[in-house]
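Examination of the molecular architecture
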Amino acid sequence: SLKEYRAALAKRPDAPGLHYALGTALRNLKQIDEAEKEFQAARKEDPNDYAANQYLGEFAVGRREYAAAIPYLLVSSAARPTLARPHFLLGECYTNLGDPQKAKTELLTAAQDDPNDPQAHFLLAKVYHQLGDAQSSAQEISEFQRLSLAAKAKTIERATTTPQ
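Notes on the structure in this doc start here. (Residues numbered from 1 in each chain as written. Predicted model: local features only at pLDDT ≥ 70, side-chain atom pairs only at ≥ 80, totals over all residues. Heavy atoms only, no water.)

**Some thoughts on the packing of aromatic side chains**
Describing an aromatic ring pair means giving the distance of the ring centres and the angle of the ring planes. Enumeration according to the criterion identifies five aromatic pairs in this entry. When the ring of F39 is compared with that of F59, the centres are 6.1 Å apart and the planes differ by 40 degrees; the resulting orientation is tilted. Of this pair, F39 sits in helix α3 (residues 32–45) while F59 sits in helix α4 (residues 50–62); the two residues are 20 residues apart in sequence, bridging distant segments of the chain. Of the two residues, F39 and F59, neither departs from the other in class, the shared state being buried. Seen from their ring centres, F122 and F144 are 5.0 Å apart, and the 55 degrees between their planes marks the pair as tilted. Pair noted here: F122 is in helix α8 (residues 118–130) and F144 is in helix α9 (residues 134–161), with a separation of 22 residues, a long-range link. You can call F144 partly exposed: its relative accessible area is 24%. (Phe/Tyr/Trp six-rings, centres within 6.5 Å; stacked < 30°, edge-to-face > 60°. Helix = DSSP H or I, 4+ residues; strand = E, 2+ residues; numbered from the N terminus. Buried < 20%, exposed > 50% of the residue type's maximum accessible area, 1.4 Å probe, protein only.)

Here it is in structure tokens:
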């Protein structure tokens, strides 16, 4: 499919959606540097594309370039305010940049938007610790543990009930 996307782009480099589709395929193949170039090209087509901005933010977070990730993630979270992932990543950025208050706001939103994801609760525990709120930190650790155990139980159930 990469050959097909590249052939299509060679014929019509301005075709809407092709850069995003190629970027997604490259991301799925873990070819992050090439994927990033395609998502940048996709942003030229639509600067407010939530997914292209989210992926670019994720790549920057993966490189620990937290300040560089924030503008992408702000666009993504504004375009899809109820999508948990950009809020979680913003929370991670703000946590690592030493702004626990902003981190708390983003992580609470992420936890609300995806109540079954334990990650936001783990980072919230860290943020509450930074803010000196030991009780809330302990509550978030408990919630993280509860959700993690529930996720493991679902995985085990699927593994034991899925026909081989």
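**Brief notes about the nonpolar core**
Core analysis: the biggest nonpolar cluster contains 21 residues, and V61, A69, L73, F88, C93 and L107 have the highest contact counts within it. For this core, the secondary-structure elements that each account for two or more residues are α4, α5 (66–79), α6 (84–96), α7 (100–113) and α8. Per-element tally for this core: the top contributor is α6, with six residues. Setting aside anything within four residues of it in sequence, one finds L107 in contact with H87, F88, G91, T95, A120, L123, L124 and V127. Within the second largest apolar cluster, 16 residues are counted, among which are L2, A15, L26 and F59. (Core = buried A, V, L, I, M, F, W, Y, C linked by side-chain atoms within 4.5 Å. Contact = heavy atoms within 4.5 Å.)

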